[in-house]
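Single-letter residue listing:
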Amino acid sequence: MATHKRGSAKKSGPTAVLLVRHGWTATTGSVLPGRAPGLHLSPEGTAQAGRAAERIAPLSPAAVYASPMERTRETAAPIARASGNRDRTARGLIECDFGEWTGTKLATLRRKAEGKSVQDSPSVFRFPGGESFAELQQRIWDQLEE
């Protein structure tokens, strides 16, 4: 959020926020990892992070934030280095809490009745033992506002 002091001649403009998804991991497309620890970028994911850094660095970002997840930190690190920043941790950007679905194969989830519900009505769906997309959205919005 941009703010300025009353009566000051200089006003700050809007802040542009660029959200970058982490690079591929060994489970991309096959498992719903959620917040499971220890999941690192695959070699292709590391290459993706490098390409993202090449494209983002010329934009001169003022800051680089990542969630505490290993794969997001590994994606943010080359972007931060290339842009002369340090990568910072923002807890509010952490992955959705998929609850009981964490670590489950996507093919298995597609066969569940709830699998159709999450696709058809994501705004009202809550992951069993986890959070809803509405809660995820609010958490990330609050972090961005901060």
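Each remark here, short or long, concerns the structure printed above.
Residues numbered from 1 in each chain as written. Predicted model: local features only at pLDDT ≥ 70, side-chain atom pairs only at ≥ 80, totals over all residues. Heavy atoms only, no water.

*Asks:* Would you explain the pattern of salt bridges in this entry?
*Replies:* Pairs can form between side chains of opposite charge once their charged atoms are near each other. One pass over the structure, following the stated rule, counts eight salt bridges. Between Asp-87 and Arg-73 there is a salt bridge, with the nearest N and O atoms lying 3.3 Å from each other. Here Asp-87 is found in strand 3 (residues 87-89), whereas its partner Arg-73 is found in helix 2 (residues 70-82), with 14 residues between them in sequence. Within the structure, one salt-bridge network assembled from shared partners comprises Arg-21, Arg-71 and Glu-95. (Salt bridge = Lys/Arg side-chain N within 4 Å of Asp/Glu carboxyl O. Helix = DSSP H or I, 4+ residues; strand = E, 2+ residues; numbered from the N terminus.)

*Asks:* What should I look at first to understand the environment of Ala-26 in this one?
*Replies:* Within the secondary structure layout, Ala-26 lies in the segment before strand 1 (31-32). Between the alpha carbons of Ala-26 and Leu-136 there is a distance of 24 Å; along the sequence they are 110 residues apart. In contact with Ala-26, other than residues within four places in its own chain, are His-40 and Ser-42. (Contact = heavy atoms within 4.5 Å.)

*Asks:* What should I look at first to understand unusual backbone geometry in this one?
*Replies:* The phi torsion of most residues other than glycine is negative, and most of the peptide bonds are trans. Phi at Ser-60 takes a positive value of approximately 55°, unusual for a residue other than glycine. Among the secondary structure elements, Ser-60 is positioned in the loop between helix 1 (43-56) and strand 2 (64-66). A relative accessible area of 56% means that Ser-60 is categorised as exposed. (Buried < 20%, exposed > 50% of the residue type's maximum accessible area, 1.4 Å probe, protein only.)

*Asks:* Honestly, the packing of aromatic side chains in this entry has me stumped. Any pointers?
*Replies:* Geometry of an aromatic ring pair is reported as the spacing of the ring centres plus the angle between the planes. One pass over the full model with this rule turns up five aromatic pairs. On the numbers, 4.7 Å between centres and 80° between planes, the contact of Phe-98 with Phe-127 is edge-to-face. Separated by 29 residues along the polypeptide, Phe-98 in the loop between strand 3 and strand 4 (104-105) and Phe-127 in the loop between helix 4 (113-120) and helix 5 (133-145) bring together distant segments of the chain. Considered together, Phe-98 and Phe-127 belong to a single accessibility category, that of buried residues. Ring centres 5.1 Å apart and planes at 85° place the aromatic pair Phe-125 and Phe-127 in the edge-to-face group. As far as burial versus exposure is concerned, Phe-125 and Phe-127 are alike and both buried. Put simply, the rings of Phe-98, Trp-101, Phe-125, Phe-127 and Phe-133 pair up and form one aromatic cluster. (Phe/Tyr/Trp six-rings, centres within 6.5 Å; stacked < 30°, edge-to-face > 60°.)

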